[in-house]
Amino acid sequence: ADCRYTCHQECRSLIQLDCRQPGQCQSQLSPESTLLPPCSQNVTQTVEEDKPEPPTVQEIKQKIEKYNAKVTNCLLMKLNDDGTYTGFIKVHLKLRRPVTVPAGIRPQSIYDALKEVNLADMTDKRTSFYLPLDAVKQLHISSTTTVSEVIQGLLKKFMVVDNPQKFALFKEMRKDGQVLFQKLPLTEYPLYLRLLAGPDTDVLSFVLKENETGEVEWDAFSIPELQNFLMILDKEEKDKIQQVQRKYEKFKQRLQQTLKEARGKPG
């Protein structure tokens, strides 16, 4: 009531307020007495009412028609009878770490894709390699396809056997000459974002990157994978040190050359 400290009701037991320090509060109150009473049900209802309503089928139909009018290729969106819709998204793979794939497996055929044959289950042998940074994969998905399912689908197409938790899907946007990345929650629907942004990939594009937000469960990795990570980090550290050394070596050479040319000159 005095210091205006605010917290969630479920966090109340975790808060420790030092309200007895001089000048902190106007009165000598206990931490428990400074907490405001729980929010009423009316406040919760107001917040829920502020949430945007999901679009109606008619609104989705209008958005799809507007989207398809801007499409310059054959990658149109299609509205289904049940209100869902399908379309295409392109995902850029910008992975700086190697991925793990089955060793000695033939490329997936059309028969394998139709029968949903998982070639990765046919061998226990594994190998690692770097995917090209400019790799782009086009996916045909539904409006009910989540980010989590998109990540799993990409890994399956490239026969990557790494834990999906190692990866995250980002949306890439350009604003005021800057490139902005925002990580998408696993429950987000990429096709709906594509529909809202339009077909122009300069406005919005999707990128698959490593999940480096601290949410990776390292216990899910095997010992060889963890050792491989350490080797990669050690190599990157050495490369970075060499880059810095070469940079300052060039500065040193330029400085010495300038001093040499300045010898004998007045001033």
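Residues numbered from 1 in each chain as written. Predicted model: local features only at pLDDT ≥ 70, side-chain atom pairs only at ≥ 80, totals over all residues. Heavy atoms only, no water.

A tally of helices and strands in the protein chain yields seven helices and eight strands. The buried share of the protein chain, taken over its 267 residues, is 26%. Pairs at least 24 residues apart make up 66% of the contacts formed inside the protein chain by residues separated by at least 6 positions. As presented, the protein chain carries roughly 19,400 Å² of accessible surface, and 53% of it is formed by carbon and sulfur atoms. (Helix = DSSP H or I, 4+ residues; strand = E, 2+ residues; numbered from the N terminus. Buried < 20%, exposed > 50% of the residue type's maximum accessible area, 1.4 Å probe, protein only. Contact = heavy atoms within 4.5 Å. Areas by Shrake-Rupley, 256 points an atom, 1.4 Å probe, with all protein chains shown as cover.)

Under the counting rule described, the total for this entry stands at six salt bridges. Lys166 is the salt-bridge partner of Asp162, the closest N and O atoms lying 2.9 Å from each other. By the burial criterion, Asp162 is buried, and Lys166 matches it. What emerges from the salt-bridge pattern is a single network uniting Lys94, Glu172 and Arg174. (Salt bridge = Lys/Arg side-chain N within 4 Å of Asp/Glu carboxyl O.)

Turning our attention to the packing of helix 3 (residues 57–70) against helix 6 (residues 190–197). Across the interface, helix 3 lies against helix 6 with an axial gap of 9 Å and an inter-helix angle of 65°. The two elements helix 3 and helix 6 cross, and the hand of that crossing is left-handed. Here Ile60, Lys63, Ile64 and Tyr67 of helix 3 come into contact with helix 6, specifically with Tyr192, Arg194, Leu195 and Leu196. Considered class by class, the residues forming the contact of helix 3 with helix 6 number six nonpolar, no polar and two charged. (Axes fitted to C-alpha atoms, helices over the stretch in contact; angles between N-to-C directions. Left-handed = near helix turned anticlockwise from the far one by under 90°. Nonpolar A, V, L, I, M, F, W, Y, C, P; charged D, E, K, R; others polar.)

Turning to a nonpolar patch on the surface, a few remarks are in order. A surface patch of nonpolar side chains, about 300 Å² in accessible area, is lined by Val244, Tyr248 and Phe251. Mapping Phe251 onto the fold places it in helix 7 (residues 223–262). Residue class for Phe251 comes out partly exposed when judged on its relative accessible area of 40%. (Patch = residues over 30% accessible without salt bridge, like charges linked within 9 Å, V, L, I, M, F, W, Y side chains within 5 Å.)

Here we take up helix 5 (residues 147–157). Of the residues making up helix 5, those classed as buried are Val147, Val150, Ile151, Leu154 and Leu155. For helix 5, the angular spread of buried residues about the axis comes to 130°, placing them on one side. Positive phi appears at Met159, one or two residues downstream of helix 5, with a value of about 55°. (Arc of directions from axis to C-beta.)

Time to look at helix 3. For an α-helix, 3.6 residues make a turn, and residues three or four places apart therefore share a direction. A rise of 1.5 Å per residue sets the reference length of helix 3, with its 14 residues, at 20 Å; its end C-alpha atoms lie 20 Å apart and thus fit the reference within 8%. Every buried residue of helix 3 is listed here: Ile60, Ile64 and Tyr67. Buried residues along helix 3 cover an arc of 65° about the axis, so they all sit on one side. For helix 3, the exposed residues set more than 90 degrees away from the buried face come down to Lys66 and Ala69. Tucked inside the fold, the buried residues of helix 3 contact strand 1 (78–79), strand 2 (85–93) and helix 6. (Expected span 1.5 Å × (residues − 1).)

Attention shifts here to the nonpolar core. Counting residues in hydrophobic clusters, the biggest one holds 31 residues, and the most contacted among them are Ile89, Val91, Phe167, Leu169, Phe206 and Leu208. Put simply, the parts of the chain that give this core at least two residues each are helix 3, strand 2, strand 3 (99–102), strand 5 (135–142), helix 5, strand 6 (167–175), helix 6 and strand 8 (205–210). Of the residues forming this core, the biggest block, five residues, is contributed by helix 5. With residues near it in sequence (within four places) discarded, Val91 still touches Ala135, Val136, Lys137, Leu139, Leu154, Leu169, Phe206, Val207 and Leu208. (Core = buried A, V, L, I, M, F, W, Y, C linked by side-chain atoms within 4.5 Å.)

One pass over the structure, following the stated rule, counts one aromatic pair. Where Tyr248 meets Phe251, the ring centres are 5.8 Å apart and the plane angle is 90°; that geometry is what we call edge-to-face. Placement of both Tyr248 and Phe251 in helix 7 is noted, with a separation of three residues, approximately one turn of the helix. Between the NZ or CZ atom of Lys137 and the centre of the ring of Phe158, over which it lies, the distance is 5.9 Å. When the ring centre of Phe181 is taken as reference, the NZ or CZ atom of Lys209 above it lies at 4.4 Å. (Phe/Tyr/Trp six-rings, centres within 6.5 Å; stacked < 30°, edge-to-face > 60°. Lys NZ or Arg CZ within 6 Å of the ring centre and 35° of its normal.)

What follows covers unusual backbone geometry. The residue Met159 is not glycine, and still its phi comes out positive at about 55°. Tracing the chain through its elements places Met159 in the loop between helix 5 and strand 6.

This brings us to the confidence of the model for the protein chain. Of the residues in the protein chain, 70% have a pLDDT of 70 or more, and the chain-wide mean is 77. Across residues 21–32 the pLDDT falls below 50, and counting only partners more than four positions away or on other chains, this stretch makes 17 contacts in the model. (pLDDT = per-residue confidence, 0-100.)

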